[in-house]
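A look at the structure
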Amino acid sequence: SAAYALGILNDRRAVSPLIGRLRDDDVAVRLNSVQALGRLKDPRALEPVRDVAKSDAVGSVREAASMAIDAIERPNPKRDQ
């Protein structure tokens, strides 16, 4: 999906649009968006992804959100230089 591709491209401009897709009706869109945000590791996504981890109706999306939180919180040597 487009969300998956945005995460792979590692373009920080994708963070806001991906955050906007976290409440999409389509489970696949939410899942791909949360995974892409985890790959981007942008701290702006932390609170919205935490909300998904707590409240999404689908277990696989909540689990992916938890993994994304771990990725976002983990230090990124390239970004922190």
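This text gives an overview of the structure that appears in the document. Predicted, not measured: the structure shown is a model, and the values here were computed from it.

1. Brief notes about the environment of Pro 17
Inspection of the secondary structure puts Pro 17 in helix H2 (residues 15-20). Here Pro 17 falls in the partly exposed class, since its relative accessible area comes to 44%. The sequence separation of Pro 17 and Ser 33 amounts to 16 residues, and the corresponding C-alpha distance is 9.0 Å.

2. Things to note about the nonpolar core
The biggest cluster of nonpolar side chains holds 19 residues, and the ones touching the most others in it are Leu 18, Leu 22, Val 34, Leu 37, Ala 45, Val 49 and Ala 65. Those elements giving two or more residues to this core turn out to be H2, helix H3 (27-40), helix H4 (46-55) and helix H5 (59-73). At six residues, H5 tops the list of elements feeding residues into this core. Residues within four places of Leu 22 in sequence aside, it is in contact with Arg 30, Ser 33, Val 34, Leu 37, Pro 48, Val 49, Val 52 and Asp 56.

Calculation criteria
- Residues numbered from 1 in each chain as written.
- Predicted model: local features only at pLDDT ≥ 70, side-chain atom pairs only at ≥ 80, totals over all residues.
- Heavy atoms only, no water.
- Helix = DSSP H or I, 4+ residues; strand = E, 2+ residues; numbered from the N terminus.
- Buried < 20%, exposed > 50% of the residue type's maximum accessible area, 1.4 Å probe, protein only.
- Core = buried A, V, L, I, M, F, W, Y, C linked by side-chain atoms within 4.5 Å.
- Contact = heavy atoms within 4.5 Å.

Don't take any of this as a statement about function, it's just geometry.
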